[in-house]
Amino acid sequence: MMDVRPGADFPPDLFHALLSQQMVYRCDADDRIVDVNPAGVRLLGYASAQDLIGTPMADLYASPEDRGYLHSLMREHGAVRDLEVVLRQRDGTLVFVLETAVASPRAEVGDVDSSYWGVMKDISDRVEAQRNQLHTNLELAETNRLLKATQSRLVQQEKLASVGQLAAGLAHEINNPLSFIISNLDTLRSYVTALNRGLSAVEGLIPEDALRDHRQIREEHHLDEIAADLEDLFRESRHGLDHITSVVHSLRTFSRSGIGQSQTMVDLNEALESTLVIARNELKQGITLHRDLSPLPPVSCRADEINQVILNLLLNAVHAIRSRHTDAPGTITVRTLAQPDGVVLEVEDNGPGIASQNLRRVFEPFFTTKPVGEGTGLGLSISYDIVVNRHRGDLSVSSEPGRGARFTVRLPLSGETEET
Amino acid sequence: MADMHASQQLFQQFNNEHNGLALQVQECPPEARGLSVSGHLDTTNAASFSRVVHAWLDECGGVRELWFDLAGLRYISSSGIGAFVQLLMEAQSRGVALRLLDLGPNVQAVFDVLGFSRFFVLEK
Ligand SMILES: Nc1ncnc2c1ncn2[C@@H]1O[C@H](COP(=O)(O)OP(=O)(O)O)[C@@H](O)[C@H]1O
Ligand SMILES: [Mg+2]
C-alpha cells in the first residue's frame, strides 16, 4: 500500500477523505508508475495496483504529447497545478482529469527530477455537461440557419408567384393595344411613303413660274426637314415598340401564360450549342468563348425553357463584359459537368462581377443595375423560376467583384418537374 | 492595409499580457483573415482569447473566411475547444467560414474526444 502521509498542518481526516476520491500516483525518473492508490486503480479501470506498476505514464494519456507538455511545465516551474488531460481507461474509455504534480518530497535536494507525485481529479461529468451544452447550442444554430435559408427561399417563391400574377394581368392588358399600335404604325409608315410619292408626282406638274413660290412654301413649313425626320421617327418608334414587345413576352413567360411545352429528354450540351448559335451575334465582338464540356446523360426537361435560361445567362455575361468599357479581352466560359444525381451547366465571365450586397438580389424580379430601357430585371428571376420551381433544380451565383461572375445551373437526373 | 495594422496592435497587447499564448496576424488571400495561435490554450487564457478574437472578428467586416494556423499550438484543454466552438457560432451567424489548419495530433484528439470535429473545417 502506498505510504501517504499528511503534512504537519493538514487535517488528517480530510486528507484521507480526499485521497480516497482521487487518484494519487508516484512515478520514477523514467516516468513509470511506482505506486498508485485504489482510487487510481478504479479510475483507470484496472483490477489491482500491480497491473499498473511499471506502466509509463504517457501510455495512460490519450495523447502522449500531453505528457511531454506536463514534463516541460515541471521542468520550468517544479510543479503543475490542475492541468487538464485526457486519460485512457483500460477498456479504451476516455476520461477528463485535472492533474496536479509535484517533484517527490522525498527526493534529495538537487534531485528534483528524480520522481513525481501526482493527483488526478476526475472531471468527466463537468466536461460532459459543458460539452452537451455547447453541442446543443451548435445544433440549434445549425437548425436556425437551415430554417432561415428555407424561409428566405419560400419568401422568394411567394414573391415570384405574386409578381407572376401581376405580370400575367399586365401582359394581357398591354398585348392587345400593343399589337394594333404596331400594325397601325406600319400602315402609317406605308401611307406616308405613298403620300410622299404622290406629292413628288404632283410637284413634277408645277409650272416653271410657280416653282419659286413652291420652294418658299416648302421652306416656310420646313417640309424638307420633316420629310427627313419622318424616317427616323418611324424607326425609333418601331424600335421602342419592339422593346415593349420583348418585355411583354418576358412577362408572359414569367407568368407562365405561354403554352406549356412538354418535357423531353434533352442533352444539355446540345441545348447549349443551339443557344450559342442564337447568341452568336452578341458573342462576336471582343469576346472569346471557351467551351469546357463533358459528356452528359440526357435529362428530362422543357427544352425551350432551359434554352431561355441559357440565353439569359449568356446575354448577361455579354452585357457584363461590355459594361467594363475597356478593350481588355472578355472571356465567357461555358462548362458542363455530369454528377451522380444530375447535370451541371455553368456560365462564367470575367466581367465586373457582382457587388456582395447585390448577390442575393439578382434573382429578384425587376432587380436590375442596367440603365432604364436596357434591363428589365426579369431575366434571372424567370430563369430562377424555370430551374428551381419548374425543374426542381438549382440556380446559384458566385462572384468575386472585379473578377467576374459564375452562374451555375443544376438539373436533377430524375426529371420530376412541376406540372404546367 | 490599415486594419491589418490595427489587428496587430490588438494582438500585441494580448501577447504582452499573456505568457503561454501568442497570437499573430498572418498573410491571407484578400477575402480571408488569418491568425496563428501558438503556445497553450486552457482555462487560464480561454476567456481572454475569446474576447480578443471576437474583437478581431468585429474588425474583419466583409471577410468570408477566418483561418487559424494552429501548428504552434502545443496544448489545448476543453475550455480552449469551448472558445473555438463559441467563435464558430459567432462566425457562422455572420456568414464567415472558419478554417483550422495544421492541428497537432493532441489538439486534434481533444476536438475528436469531445465530438466537435464534424462541426469544424479541420485541415492538415
Ligand atoms: N454575369 C453577370 N455579371 C455581373 N452582373 C450580372 C451578371 N448577370 C446578372 N447580373 C446582375 O443581375 C442583374 C439582374 O439580371 P437580370 O435578371 O438578367 O436582369 P437584366 O439583365 O435585365 O438587368 C443585372 O442587372 C446585373 O446587375
Ligand atoms: Mg438579363
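On to a negative patch on the surface. All names here are of chain A. A cluster of acidic residues, Glu 219, Glu 220, Glu 225, Asp 229 and Glu 236, forms a negative patch on the protein surface. Looking at the negative patch, the elements that each hand over two or more residues are helix 7 (211-220) and helix 8 (223-254). Looking at the negative patch, the element that brings in the most residues is helix 8, giving three residues. For Glu 219, the location among the structural elements is in helix 7.

Residues and elements named next belong to chain A. Lining the immediate environment of ligand 1, one finds 19 residues, of which Asp 349, Thr 368, Thr 369, Lys 370 and Leu 380 sit closest. Between an oxygen atom of ligand 1 and a main-chain N or O atom of Gly 377, the distance comes to 2.9 Å. Within the contact set of ligand 1, an oxygen atom lies 3.4 Å away from a backbone nitrogen or oxygen of Gly 379. The fraction of the free accessible surface of ligand 1 (530 Å²) that becomes covered by protein chains is 93%. For the shell around ligand 1, the secondary structure elements donating two or more residues are helix 10 (303-322), helix 12 (379-390) and strand 12 (404-412). Top element by residues in the shell around ligand 1 is helix 10. It accounts for three residues. Residues belonging to the shell around ligand 1 are distributed by class as follows: nine nonpolar, eight polar and two charged.

With that out of the way, let us pick up helix 12 of chain A. All names here are of chain A. Helix length check: helix 12 (12 residues) gives 15 Å between terminal C-alpha atoms against 16 Å at 1.5 Å per residue, within 8%. Looking only at helix 12, the buried set comprises Leu 380, Ser 381, Ile 382, Ser 383, Tyr 384, Asp 385, Ile 386, Val 387, Val 388, Asn 389 and Arg 390. Arg 392, located one to two residues past helix 12, shows a positive phi value of around 55°.

Residue and element names in this part refer to chain A. Ordered by their spatial adjacency, five strands build an open sheet running 2-1-5-4-3, and the pairing between neighbours is antiparallel. Of all strands in the sheet, those bounded by a partner on one side alone are strand 2 (33-36) and strand 3 (79-88). In this sheet, adjacent strand axes meet at a mean angle of 30° when their direction is disregarded. Pairing analysis gives three bridges linking strand 1 (residues 23-27) to strand 2, with the strands arranged antiparallel. Note that in strand 2 the partner of Tyr 25 across the bridge is Val 36.

Right, let's talk about the interface of chain A and chain B for a bit. Facing 23 residues of chain A, the contacting portion of chain B comprises 23 residues. Looking only at chain A, the three residues that lose the most surface to chain B are Tyr 69, Leu 134 and Leu 138 of chain A, adding up to 29% of its buried area. At the boundary of chain A with chain B, the tally comes to one salt bridge. One salt bridge connects Glu 139 of chain A with Arg 118 of chain B, and the closest N-O pair in it is separated by 2.7 Å.

Here we come to the packing of aromatic side chains. This structure, assessed with the given rule, holds 10 aromatic pairs over all chains. Taking 6.0 Å as the distance between ring centres and 85° as the angle between the ring planes, the aromatic pair formed by Trp 56 of chain B and Phe 68 of chain B counts as edge-to-face. Of this pair, Trp 56 of chain B sits in helix 2 (residues 46-59) while Phe 68 of chain B sits in strand 3 (residues 65-69), and the two are 12 residues apart along the sequence. Residue classification places Phe 68 of chain B among the buried residues on the basis of a relative accessible area of 0%. With 6.2 Å between their ring centres and 45° between their planes, Phe 84 of chain B and Phe 111 of chain B make a pair best called tilted. With Phe 84 of chain B in helix 3 (residues 78-93) and Phe 111 of chain B in helix 4 (residues 105-114), this pair connects stretches of sequence that are 27 residues apart. Exposure class is identical for Phe 84 of chain B and Phe 111 of chain B. Each is buried. Put simply, the rings of Phe 11, Phe 49, Trp 56, Phe 68, Phe 84, Phe 111 and Phe 120 of chain B pair up and form one aromatic cluster. Above the plane of the ring of Trp 117 of chain A lies Arg 26 of chain A, whose end atom (NZ or CZ) is 5.9 Å from the centre. Seen from the ring of Trp 67 of chain B, Arg 99 of chain B lies directly overhead, with NZ or CZ sitting 4.5 Å from the centre.

A word on the confidence of the model for chain A. Averaged over all residues, the pLDDT of chain A equals 85, while 86% of them reach at least 70. Looking at the elements of chain A, mean pLDDT is at its lowest for helix 1 (residues 12-21) of chain A, recorded as 70, and at its highest for strand 10 (residues 342-349) of chain A, recorded as 97.

Calculation rules
- For every chain, the first residue of the written sequence is number 1, and numbering continues from 1 onward in sequence order.
- In the order they appear in the text, chains get letters beginning with A and ligands get numbers beginning with 1.
- Two thresholds apply to this predicted model, a pLDDT of at least 70 for residue-level local features and 80 or more for giving and counting side-chain atom pairs, whereas whole-chain, interface and lining totals are computed over all residues.
- Note that water and hydrogens are dropped before the side-chain values are worked out from all heavy atoms of the structure.
- Nonpolar side chains (Val, Leu, Ile, Met, Phe, Trp, Tyr) within 5 Å and like charges within 9 Å form the patches, drawn only from residues with over 30% relative accessible area and no salt bridge.
- We get accessible surface area from the Shrake-Rupley algorithm with a probe of 1.4 Å; when it comes to residues, only the shown protein chains can shield them.
- A carboxyl oxygen of Asp or Glu within 4 Å of a side-chain nitrogen of Lys or Arg is what we treat as a salt bridge.
- Counting rule for charge: Lys and Arg are taken as positive, Asp and Glu as negative, and neither His nor the chain ends is counted.
- All charge positions are set by atom: Lys at NZ, Arg at CZ, Asp at CG, Glu at CD.
- Secondary structure is summarised from DSSP: a helix means a run of H or I of at least four residues, a strand means a run of E of at least two, and numbering begins at the N terminus for each.
- Residues are counted as near a molecule or strand when any one of their heavy atoms sits within 4 Å of it.
- Identification of polar contacts relies on pairs of N or O atoms within 3.5 Å, with a donor-acceptor requirement for protein atoms, meaning one able to donate a hydrogen and the other able to accept it, and with residues adjacent in sequence counted only if both atoms are side-chain atoms.
- Any residue that is not Ala, Val, Leu, Ile, Met, Phe, Trp, Tyr, Cys, Pro, Asp, Glu, Lys or Arg is counted as polar, Gly included; the first ten are nonpolar and the last four charged.
- Expected helix span is given by 1.5 Å per residue-to-residue step, counting one fewer step than there are residues.
- Three exposure classes are used, based on accessible area relative to the maximum for each residue type with a 1.4 Å probe and protein chains only: buried under 20%, partly exposed in between, and exposed over 50%.
- Any two strands are treated as partners once DSSP identifies two or more bridges connecting them.
- Helix axes are fitted only over the stretch in contact, all axes being lines through C-alpha atoms; the angle between N-to-C directions runs from 0 to 180 degrees.
- By the convention used here, residues are in contact when the closest approach between their heavy atoms is within 4.5 Å.
- Two parts placed together each lose some accessible area; with a 1.4 Å probe, that loss summed over both constitutes the buried area.
- By convention, a stacked pair of Phe, Tyr or Trp rings (six-membered ring in the case of Trp) has centres within 6.5 Å and planes under 30 degrees apart, an edge-to-face pair has planes over 60 apart, and any other such pair is tilted.
- A ring has a charge above it when a Lys NZ or an Arg CZ is no more than 6 Å from the ring centre and no more than 35 degrees off the ring normal.
- Each residue carries a pLDDT score, the predictor's confidence in it, ranging from 0 to 100.

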